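Read off the chains here:
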Amino acid sequence: MSAIIDFCGPWWPWVRMLLFLVGTAAFAGLNAAYLVWCERKIAAFVQRRPGPMEVGPQGLLQPIADAAKLLAKQMLTPPAVDTILYRIAPVAMIIPALMCFVVLPYGDALMPTRIDLGLLVVFALSAFNVISLMLAGWSSNNKYAIISSARVVSQNVAYEIPMLLTIVTVILVTGTTDLGTIVGQQGGWFWNWNILRGIWTLANPLVPISFLIFFICMLAETNRAPFDLAEAESELVAGSFTEYSSMGFGLFFMAEYVNIVVGCSLATVIFLGGWQTGLGNLLSFLPDWAAAFVGLGAFFAKLYAMIFVVMWIRWTFPRTQFYGLLNLSWKVLIPVALFTLLLSSILVKLPNLF
Amino acid sequence: MGYFSEIYQGAKSLVIGMRISLDQFLKNFRGDYNTPYPHKTLPIPERYRGHIIFTNDEAGKSLCIACKSCERACPSACILVEGEKKEGEKKKSATLFELNYTTCSLCGACVEVCPTDALTFSKRYNLANTSKAVYAKIDLIKDLENRMQKK
Amino acid sequence: MLLLNKEEALARVAAHHVGGPNETFVLNLGPQHPATHGVLRVKLTMDGEYIRKAECVIGYIHRMHEKMGENRTCAQFLPNTSRLDYLSACQYTHAWTGVVERACKIEVPQRAEYIRVITSELNRIASHLVGWGAWVMDLGGLTPILYAFDDREKILDLMEGICGARLTYCYYRVGGVVNDIDDAFIQGAKAFVPYMRERLKMYKDFVTDNVILRKRLEGIGIIDQDMCLRYGACGPVIRGSGIANDTRKTEPYSAYKDFDFDIPVYNECDSMARYLVRMDEMEQSLRIIEQALAKLPEGPFINPKVPKLLKVPAGTYTYATEAGRGRFLVRMVADGSDKPYRVKLRTPCLSNLSLAEEVCEGMILPDAIAFLGSLDLVIPDIDR
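This one's a predicted model, so the numbers in the text were calculated from it and none came from an experiment.

Caption draft 1: Layout of the overall build of chain A. Along chain A, the regular secondary structure elements total 14 helices and zero strands. From first element to last, N terminus to C terminus, chain A shows the α and β order α-α-α-α-α-α-α-α-α-α-α-α-α-α. By the compact-globule yardstick of 20 Å for 354 residues, chain A fits well, its C-alpha radius of gyration being 21 Å. The principal-axis extent of the C-alpha atoms belonging to chain A is close to 65 × 55 × 45 Å.

Caption draft 2: Highlighting the confidence of the model for chain A. Scored by pLDDT, chain A has a mean of 83; 99% of the residues are at 70 or more. When the elements of chain A are averaged for pLDDT, helix H1 (residues 2-8) of chain A gives the smallest value, 73, and helix H3 (residues 62-72) of chain A the largest, 88.

Caption draft 3: Local environment of the sheet that holds strand E7 (residues 326-334) of chain C. Residues and elements named next belong to chain C. Taken in spatial order, the three strands of this open sheet run E6-E7-E8, and their pairing is antiparallel. Strands at the two margins of the open sheet, each flanked by one partner only, are strand E6 (315-323) and strand E8 (342-346). Each strand of the sheet is rotated relative to its neighbour by a mean of 10 degrees, with strand direction disregarded. In this sheet, E8 lies alongside E7 in antiparallel orientation, the contact comprising five bridges. Residue pairing across strands places Val333 opposite Arg342, the latter belonging to E8.

Caption draft 4: Region of interest: the interface of chain C and chain A. Between chain C and chain A, the residue contacts involve 29 residues of the former and 22 residues of the latter. Carbon and sulfur atoms make up 60% of the surface buried where chain C meets chain A, a total of about 2400 Å² over both sides. One can count one salt bridge joining chain C with chain A. A:Arg151 is paired through a salt bridge with C:Glu49; the nearest N and O atoms lie 2.5 Å apart. Among the elements of the structure, strand E1 (25-29), helix H5 (110-138), helix H6 (144-163), helix H8 (211-217) and helix H15 (365-375) of chain C are those that each provide at least two residues to the side of chain C that touches chain A. Among the elements that take part in the side of chain C that touches chain A, E1(C) stands out by supplying five residues, more than any other. Across the side of chain C that touches chain A, the residue classes break down as 19 nonpolar, six polar and four charged.

Caption draft 5: Geometry of the packing of helix H12 (residues 246-271) of chain A against helix H13 (residues 288-314) of chain A. Residue and element names in this part refer to chain A. Relative to each other, H12 and H13 sit at 125 degrees, their axes nearing to 9 Å. Between H12 and H13, the interaxial angle falls into the category oblique. Crossing hand, H12 versus H13: right-handed. Mapping the contact onto sequence places Glu256, Tyr257, Ile260, Val261, Cys264, Ser265, Ala267, Thr268 and Val269 in H12 and Phe299, Lys302, Leu303, Met306, Ile307, Val310, Met311 and Arg314 in H13.

Caption draft 6: Representation of the domain arrangement of chain A. Residue and element names in this part refer to chain A. Assigned domains of chain A: these are domain 1 (1-72) and domain 2 (76-353). Computed over C-alpha atoms only, the centres of domain 1 and domain 2 are separated by 20 Å. Every contact between the two is made by 18 residues of domain 1 and, on the other side, 25 residues of domain 2. Surface buried jointly by domain 1 and domain 2 totals about 1900 Å² across both partners, of which 77% is contributed by carbon and sulfur atoms. There are two salt bridges connecting domain 1 and domain 2.

Caption draft 7: Local environment of the packing of aromatic side chains. Residue and element names in this part refer to chain A. Summed over all chains, the structure comprises 36 aromatic pairs over all chains. Centre to centre, the rings of Phe214 and Phe271 are 5.5 Å apart; their planes meet at 55 degrees, and the pair counts as tilted. Taken as a pair, Phe214 in helix H10 (residues 207-221) and Phe271 in helix H12 lie far apart in primary sequence, 57 residues in all. Among the aromatic residues, those joined into a cluster by ring pairs are Tyr86, Phe241, Tyr244, Phe249, Phe252, Phe253 and Tyr257.

Caption draft 8: Looking closely at the domain arrangement of chain C. Residues and elements named next belong to chain C. According to the domain assignment, chain C contains domain 1 (6-57) and domain 2 (65-382). Here the C-alpha centre of domain 2 lies 35 Å away from the C-alpha centre of domain 1. The interface is formed by 20 residues belonging to domain 1 together with 18 residues belonging to domain 2. Interface area, domain 1 with domain 2, both sides summed: about 1500 Å², of which 70% is carbon and sulfur. Run the count over domain 1 and domain 2 and you get zero salt bridges. Our enumeration of links across domain 1 and domain 2 arrives at four residue pairs in polar contact (both at pLDDT 80 or more). Put simply, the parts of the chain that give the side of domain 1 that touches domain 2 at least two residues each are E1, strand E2 (41-47) and strand E3 (50-57). The leading source of residues in the side of domain 1 that touches domain 2 is E3, at seven residues.

Caption draft 9: Inspection of the environment of B:Asp143 at higher detail. Residues and elements named next belong to chain B. Here Asp143 is to be found in helix H5 (residues 140-150). Judged by relative accessible area, Asp143 falls into the buried class, the value being 12%. Residues Asp143 and Met18 lie 125 residues apart in sequence; the distance between their C-alpha atoms is 55 Å. With sequence-adjacent residues up to four places away left out, Asp143 is seen in contact with Ile53 and Arg124.

Caption draft 10: Broad picture of the pairing of E2(C). Residue and element names in this part refer to chain C. For E1 and E2, the ladder comprises five bridges, and the chain directions are antiparallel. Bridging from a neighbouring strand, Leu27 pairs with Leu44 of E2. Relative to E3, E2 runs antiparallel, the two sharing seven bridges. The residue of E3 that forms the bridge with Lys43 is Glu55. Following E2, the chain reverses through two residues before pairing antiparallel with E3; Gly48 in that reversal takes a positive phi of roughly 65 degrees.

Caption draft 11: Summary view of the side chain of C:Thr208. Residues and elements named next belong to chain C. Note that Thr208 resides in helix H7 (residues 183-208). A distance of 3.1 Å separates polar atoms of two side chains, one belonging to Thr208 and the other to Tyr275. Not counting the four nearest positions on each side in its chain, Thr208 is found in contact with Tyr203, Leu213, Arg214, Met272, Tyr275, Leu276 and Met279.

Caption draft 12: Main features of the nonpolar core. Residues and elements named next belong to chain C. Within the largest apolar cluster, 161 residues are counted, with the highest numbers of intra-cluster contacts made by Trp96, Tyr171 and Tyr275. Those residues in contact with Trp96 that lie beyond four places of it in its chain are Cys74, Phe77, Leu78, Thr81, Val330, Met332, Pro340 and Val343. Of all hydrophobic cores here, the second largest spans 41 residues; its members include Leu87, Ile369, Leu375 and Val378.

Caption draft 13: Broad picture of the pairing of strand E3 (residues 93-99) of chain B. Residues and elements named next belong to chain B. In terms of burial, E3 is a largely internal element, five of the seven residues being buried. Pairing analysis gives six bridges linking strand E2 (residues 79-84) to E3, with the strands arranged antiparallel. When the bridges of E3 are listed, Glu84 appears paired with Ser93. In this structure, E3 lies alongside strand E5 (residues 138-139), joined through two bridges in antiparallel fashion.

Caption draft 14: Representation of the packing of H10(A) against H13(A). Residues and elements named next belong to chain A. Where H10 contacts H13, the two axes come as close as 12 Å, and the packing angle between them is 60 degrees. Where H10 crosses over H13, the two elements pack in a sense that is right-handed. For the pair formed by H10 and H13, the contact residues are Phe211, Phe215, Met218 and Leu219 on the first element and Met306, Val309, Val310 and Ile313 on the second.

Caption draft 15: Quick peek at unusual backbone geometry. Following B:Tyr37, the chain continues into B:Pro38 via a peptide bond in cis, with omega recorded as 5 degrees. As for its placement among the helices and strands, B:Pro38 is situated in the loop between helix H1 (2-27) and strand E1 (52-54). Here the phi dihedral of C:Lys105 falls at roughly 55 degrees; this positive angle occurs in a residue that is not glycine. By the element assignment, C:Lys105 lies in the loop between helix H4 (89-104) and H5. A positive phi is found at C:Cys269, a non-glycine position, where the angle reads about 70 degrees. Considering the arrangement of structural elements, one finds C:Cys269 in the loop between helix H11 (247-250) and helix H12 (271-294). Overall, the relative accessible area of 11% leaves C:Cys269 in the buried class.

Calculation notes
Residues numbered from 1 in each chain as written. Chains lettered and ligands numbered in written order. Predicted model: local features only at pLDDT ≥ 70, side-chain atom pairs only at ≥ 80, totals over all residues. Heavy atoms only, no water. Helix = DSSP H or I, 4+ residues; strand = E, 2+ residues; numbered from the N terminus. Rg over C-alpha atoms; globule rule 2.2 N^0.38 Å. pLDDT = per-residue confidence, 0-100. Pairing = 2+ DSSP bridges. Axes fitted to C-alpha atoms, helices over the stretch in contact; angles between N-to-C directions. Contact = heavy atoms within 4.5 Å. Buried area = accessible area lost by both parts, 1.4 Å probe. Salt bridge = Lys/Arg side-chain N within 4 Å of Asp/Glu carboxyl O. Nonpolar A, V, L, I, M, F, W, Y, C, P; charged D, E, K, R; others polar. Parallel < 35°, antiparallel > 145°, perpendicular 65-115°, else oblique. Left-handed = near helix turned anticlockwise from the far one by under 90°. Domains from an automatic or database assignment. Phe/Tyr/Trp six-rings, centres within 6.5 Å; stacked < 30°, edge-to-face > 60°. Polar contact = N/O pair within 3.5 Å; in protein donor to acceptor, adjacent residues only side chain to side chain. Buried < 20%, exposed > 50% of the residue type's maximum accessible area, 1.4 Å probe, protein only. Core = buried A, V, L, I, M, F, W, Y, C linked by side-chain atoms within 4.5 Å.

As structure tokens, then:
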């Protein structure tokens, strides 16, 4: 490793950037493609079907065939759309989603950039998809699309609040918004993970509930079932992207899965100890490079377990009603999140009083 | 208190739902799949109603006497029969028997009404063609000849 | 530049409904829409997501079945009846054979009546399963419809074994049924009853008790008793509004007198009540099938003395059956020839749909879709 750094000399930061760019782009693209395959397989298995079987063994080449189909299709621009916004919207959807990977730490060394406000950056960027979806709905001059975009805005605004409240609860305990440091604090045994640590250190005994709230809000933020009101296919045909064809639609589709990966990664980093295996010093005999791989494996295991739950939920429940969704946010999630915040701030301050 | 019990009941129902779908999910790994059509097909039942075909006697000839009962019984008028009495034969025989399968509703009135049991249902179900004309005129006499030749 | 004072400007805005508080837009729900399951068009005048006015536009697949009935002999019209409500083919064919038997005074052997009851009830379960699955799919739960089709497949296999068709059975004939049921069918139906009871329990846990579904259906689409009577609602819609109206009990036809079963009634008048009525009806159908299989009499399956060409004596005849979606009535006016003079088919979905316009007013769009699902519409049945 150091040989490569020496060889690059002063160019190393640029080479490193390029490597991370290619790496994250490939990671996001592959995830988007193969999560569709996973989604279809999981859907099929829950519904007692074999799922995609024809293209390749177990249908493994299906995403490639789908991508080729989408790329080969004509990009239609319907008459009377706002052409510029209509074209910008899918790009504005995928770019912020990809940019989140800049600060997500996948390992001790696998961190494109380490900035103090990493957590904030992810939230700032992931909040951007509301605007893109609204642009898509607005510009496509379609009644179903505009209803959908109106729904997206009110839904995401309602769910951003409890999500940030739970995050503030965690920040009170961790004392930092640097994602690398947050993971570093959770080393050792698995009870040091933030989801469990608050219980026995009495910093915030309600952290598991915070995690649940975070997870629900993440589902709502990424417009996943049972909160998929934005694309509600039985009501609004395809929601905001009704009018999109070809890769215009493909980018929205990719962005949905990239957003899920980002959301689940964030949950893993904040609550489940990121790349920490949670096995204490049992694995300390491993050389550094092996430990890094084990850490990456641990991260992916947690990440994909969470993504599995996301998909499992989608194929189990019906869609929520619109005011049911808002009621859940304002009447249940926000009060509970506020209560945990209050409790945790009291518990953090309490030792200082005596 | 109703507020909390409502949340509890709701969460409980969601957990039960997720348990059931996981149950169904795991059942797939015990090899309990559906029939992967078209690689495997289910057996066609005895009484399956495909489009009509001629039955045949031992000599491979049709039993049809061109009495036109089926033509009259058909609700959609999709059967066309012509017949003549050939020399040296006791009964009339069909010279033309055309089925317009595109308008047939597979009700079975023709089979029931046939006095000589000359008609029966075929077991053909995966019919497909790029031209409609093929099914607009299914020649049952030729069909029988083809089947006899294959034997 | 045209200058307007405030009053003029407001008047102009009000006249064009542009930008004012009364701004509405028209949303076409259908004819091609995932939630209408067929070619029904609902023209919605929307205020945001709220429905100001709903107008059902029907007739996209009008096929003149009534007129066809007047141009064909009684036996020839038989296959048409199973194409009205393709999900309740048995009950619809039953009504037609029933009216011809009543007109021509044809006796039906007891065994044939029992077979008709068994197949009708199996058909009712299949019909409710499709209605239920498609409805939950409208609500966004995409999995239950595949479980429902799994169970329905078992019924279709049974039916295919005895009559050779899977959807438009055309199994009943004037004076009986076309084929006798065989041992495979009896064994299969006997095995199906406990299997289906297990599945219904699973459906209760999986879907009925689900809090999301309950929140979406409870209190949505209230149809009070008065409205039911005004529009002539029938089937699960009227039974979900607290009126125990079931043709099988009120005017028992065929062999329904012989069986012990309940009519599920719920008083809530909302979509959930109609949902529960359907789920309970499947259980009652299983009860009927169980009893009918146990008591199945021996004998002929069709009356051998039915004449080849039926001449219906002059007069007016009616016969009603309880189909999956409600009361199906056939009224036949005969003039003594072999073809009916007039055929009137009173179908349940048309009367059930007609109340939708009144109920939909003031609803939010997703609720309207949940409510339309609760009517369990089959579009060919509306248009005929």
